[in-house]
Every structure is written in structure tokens, then in C-alpha cells.
Amino acid sequence: MLDSDTRPDATDETAPRPSLSLASANHWTPHDIIMRDTWFPLAHSFAVGKKPVRRAVYSYPYFLWREDSVAVAAEFYPNEIQTRDKSSFTDAAGRYPVIERYGYVWGWFGNPRAADAAHLPSLPFLPPSGGLPKFMLGTVRFDCSAPLSLENLIDLTHADFLHADVVGDEKMDKEEVEVFHDSETITMVRHCTNKSVAPVMKFFSGIRADVQQVRQVIRIYLRSHAAIAYGRFSPGDDVPLFHPCVPETRDRTRLDYAMNTSNAGFMFSRVMPKASYKVSQQDSRMTSQQSPRYMHDTPRRDLHSPLDKAGQTYRVLMQNLASRQAGGDFAYRDNVSADCSDIIGLRKDLFKY
């Protein structure tokens, strides 16, 4: 059995904790997982205007536009002749619940009567009203299921090998990893002592030291398929990234990212967000090959090591939540909107919102 760590800020310590079984981690078919009663960040706010734009969640169409400057979302294009029945995820007019926060237009997927702003994930390094410059924002896509992309992301150690040309190699004196979770989130914290300086910082921040002290955090909000990454580098700059993986289809993921480098130096603040394109291409080349292998449950079993705890735990948490929803239980047992600043180690003096 995997141990059932719980996060420090759990809102109900009497609530039952997830039961994590190592055996179930091997029965992993991420394409079959559909999360309901959750907010998905469908588009950057700047991308939504009077002219409708189309997005999708699990192949359900979302048309986004503004009416009197207010963002709306509908299942049908405006004034479209509706030749099919409305889905159960919209109101009588075919519209989805919508909220605008953190520079994104969020659409609710699930029972519209259950839509509540209290279920928006905590993103403490993004201004609630948005407004980050466009050079800190971008869009990439992955040819894989959203859960598979996030399973790759939750293992912070993969970056030393797959993204060494951006974030630095695996050379360091000491590494410590902590993983904890509740029923709605999973968090991995990694401390690296005397780690090789990230090339992008050496080149664009002018760091002359050979090593850095590094604290990296990945926190995933399971239902929204959304992650926040926060890196603290000394010497160096903080790197806060919002990494949402919107499941457009079973094997196609849209990532409208935001990297708030507003407190970094001029060159680094502009270059680092664009590095997301290179990093994402490296990730996609790997996960696009893996994705077809997890379309169906097979007798083949993955090999694991003690370093795989984060990925294995993520798999089981997603399966537990999907199973609970399949049984008709869509309730939130833990508070995803609780401020996670202390968990991620946010330097609040740099991000006062």
C-alpha cells in the first residue's frame, strides 16, 4: 500500500482520506477519465471578444464571446439553428455557467446548478482581475490525454533529463522530495542542494555562480486538470507558472499557460515564458508516443521505483475520484480555493494582489 499523506491545509480532518492501492496504479486508462462539476480555464481573457471563439471540453463545444463586455459561453454558435438536443450541462438557453478570474474565462462542466466560484482553484501568484502582459501568456497543445500530460508534470525530476537545456541537469549534492495530497489535489515539493544553474538563468539573468539552491513545487487540481508550478532559485528569480491542461478530446489537450515573471529582470521576464514552447514540444514528443499505449487496460504492467510515488499517487487519486463520480457522488470533500501560498512557498512580497 502507498501511504495516504494529507496536505497541511486540509479543511476537514474528519473526512475520509483516499485509499491508495499500488495495484490500481497499474490499471491506468487516462483516456476514460472524465471529471465533472468543475471549472475549466477555457481561454485567456484577451482571446474572448464580441466575435465568438470555439473551445471544447471532452468534445463538448463551448462558444465564447462577450455581451456588454461580460463573457458568456454557449453550446451553440449565436443564432445557430439548433438541430440537436441541448446537453444536460447547460441551462434552458443552452448556456454554460461562466466566471472570469485570474485573466481567464472559466467554463463549468457538469450540473449547472452546482456551479460555484468556491470551486475555482487557488492561483495566488496571478492577479485575480488578470492583466498580465501578453508576452507572459501563450498556448500550446499536446497530442495526448490531459491526465497523461499531468502525470508527466507531477514528476519534477523528469525535467533534469528531458529539459536539461532549459532548467539544468541532474547534478546536485542532495535532493529531498515530499508528496502529499487530499481528495482534490496532489502536491510534490522538491528541494535541491547545490544544483547546476539553469542555463536559461545563466544566459538571461547573468548568474555567475555554478550552483543554485532550488525549491520546486507542482500542485495539481485534479478535477480541473490544472497545475501550478512554483520554482525558487537562489541565486536567481522565482518562476511561477499556471499550467492548465484542458481536455479538448480524449487524446488532445489545450494548454493556455501564464507565467508571471513580472518581478524578474528585463531579459529573463521576457525570455522565460517563451521557453514554455520549447519545453512543451519536448514533453509532447514523449507523451504523444505514450498516449496510445494507455488507451485500453492491458496485462502489461509498468515498472516503478520509489521515486515514482507522485505519479503513482496521482493515478490512484484520479481513479478514485472518477469512481466516486461514476457512483453519483460529485461533492467536494476538500477546499480547492483555500489559499495555497504557504504550501508552494510563495514570496508574498513579490506578488501582492
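Residues numbered from 1 in each chain as written. Predicted model: local features only at pLDDT ≥ 70, side-chain atom pairs only at ≥ 80, totals over all residues. Heavy atoms only, no water.

S.K.: Just to check I follow, could you spell out the pairing of strand β14 (residues 246-249) for this structure?
M.R.: Remember that side chains alternate between the two faces of the sheet whenever the strand is regular. Looking at chain direction, β14 and strand β15 (residues 252-259) are connected through 3 bridges and run antiparallel. Looking at β15, one finds that T249 is bridged to R252. Adjacent in sequence and paired antiparallel, β14 and β15 are bridged by 2 residues. (Pairing = 2+ DSSP bridges. Helix = DSSP H or I, 4+ residues; strand = E, 2+ residues; numbered from the N terminus.)

S.K.: Is there a simple way to explain a nonpolar patch on the surface in this structure?
M.R.: On the surface, F203, F204, F266 and M267 cluster together into a nonpolar patch covering about 460 Å² of accessible area. Those elements giving two or more residues to the nonpolar patch turn out to be α5 (199-204) and α6 (266-290). Position of F266 relative to the elements: it lies in helix α6. By relative accessible area, which is 57% here, F266 ends up exposed. (Patch = residues over 30% accessible without salt bridge, like charges linked within 9 Å, V, L, I, M, F, W, Y side chains within 5 Å. Areas by Shrake-Rupley, 256 points an atom, 1.4 Å probe, with all protein chains shown as cover. Salt bridge = Lys/Arg side-chain N within 4 Å of Asp/Glu carboxyl O. Buried < 20%, exposed > 50% of the residue type's maximum accessible area, 1.4 Å probe, protein only.)

S.K.: So what exactly am I meant to see when it comes to the nonpolar core here?
M.R.: Burial of nonpolar side chains together is a common tendency in soluble globular proteins. Within the largest apolar cluster, 62 residues are counted, with the highest numbers of intra-cluster contacts made by I220 and Y314. Of all hydrophobic cores here, the second largest spans 29 residues; its members include Y102, W108, L126 and L132. (Core = buried A, V, L, I, M, F, W, Y, C linked by side-chain atoms within 4.5 Å.)

S.K.: Honestly, the environment of C245 in this entry has me stumped. Any pointers?
M.R.: Of note, C245 is situated in the loop between β13 (239-244) and β14. Along the chain, C245 and D256 lie 11 residues apart, while their C-alpha atoms are 7.9 Å from each other. If sequence neighbours within four positions are ignored, C245 has contacts with A146, S149, L150, S224, H225, A226, T253 and R254. (Contact = heavy atoms within 4.5 Å.)

S.K.: So what exactly am I meant to see when it comes to the sheet that holds strand β3 (residues 60-67) here?
M.R.: Pairing between sheet strands relies on hydrogen bonds along the backbone, with the strands arranged either parallel or antiparallel. A sheet is described by the order of its strands in space; here 4 strands give the open sequence β2-β3-β4-β5, paired in antiparallel fashion. Whereas interior strands pair on both sides, the edge strands pair on one side only; in this sheet they are β2 (53-57) and β5 (95-96). Relative to β3, β2 runs antiparallel, the two sharing 5 bridges. Across the sheet, residue V53 finds its bridge partner in β3, namely L64.

S.K.: Is there a simple way to think about the side chain of S341 in this case?
M.R.: One can find S341 in helix α8 (residues 341-344). Since its relative accessible area comes to 4%, S341 is described here as buried. If we ignore the near neighbours within four places in the chain, the residues touching S341 are P124, L346 and K348.

S.K.: How should I be thinking about the sheet that holds strand β7 (residues 104-109) in this particular structure?
M.R.: Here we have 3 strands laid out as an open sheet, ordered β1-β7-β6, and antiparallel in their pairing. If you trace the sheet from one side to the other, it starts and ends with β1 (38-44) and β6 (98-101), each paired once. Direction aside, neighbouring strands of the sheet carry axes that sit 35 degrees apart on average. (Axes fitted to C-alpha atoms, helices over the stretch in contact; angles between N-to-C directions.)

S.K.: Would you explain α6 in this entry?
M.R.: Because an α-helix completes one turn every 3.6 residues, residues spaced three or four positions apart along the sequence face the same direction. Under the 1.5 Å per step criterion, the end-to-end length of α6 is 38 Å for 25 residues, consistent within 8% with the ideal 36 Å. Every buried residue of α6 is listed here: F268, S269, M272, P273, A275, S276, V279, S280, Q282, D283, S284 and T287. (Expected span 1.5 Å × (residues − 1).)

S.K.: Can you help me understand the packing of helix α2 (residues 146-154) against helix α7 (residues 309-326) in this one?
M.R.: A pair of packed helices is characterised by two quantities: the angle between their axes and the separation of those axes. At a closest axis distance of 8 Å, the pairing of α2 and α7 adopts a crossing angle of 145 degrees. In this structure, α2 meets α7 at a crossing whose hand is right-handed. Packed against α2, whose contacting residues are P147, L150, E151 and I154, the element α7 presents A310, G311, Y314, R315 and M318 at the interface. Its residues placed into classes, the contact of α2 with α7 shows 6 nonpolar, 1 polar and 2 charged. (Left-handed = near helix turned anticlockwise from the far one by under 90°. Nonpolar A, V, L, I, M, F, W, Y, C, P; charged D, E, K, R; others polar.)

S.K.: Help me understand the packing of aromatic side chains in this model?
M.R.: Two aromatic rings, taken as a pair, are described by how far apart their centres are and by the angle between their planes. Scanning the model with the defined rule gives 16 aromatic pairs in all. On the numbers, 6.4 Å between centres and 65 degrees between planes, the contact of F40 with F109 is edge-to-face. Residue F40 is located in strand β1, and its partner F109 is located in strand β7; the two are separated by 69 residues in the primary sequence. Comparing F40 with F109, the two get one shared label, buried. It is R223 that lies over the ring of Y332; its NZ or CZ is 3.7 Å from the centre. (Phe/Tyr/Trp six-rings, centres within 6.5 Å; stacked < 30°, edge-to-face > 60°. Lys NZ or Arg CZ within 6 Å of the ring centre and 35° of its normal.)

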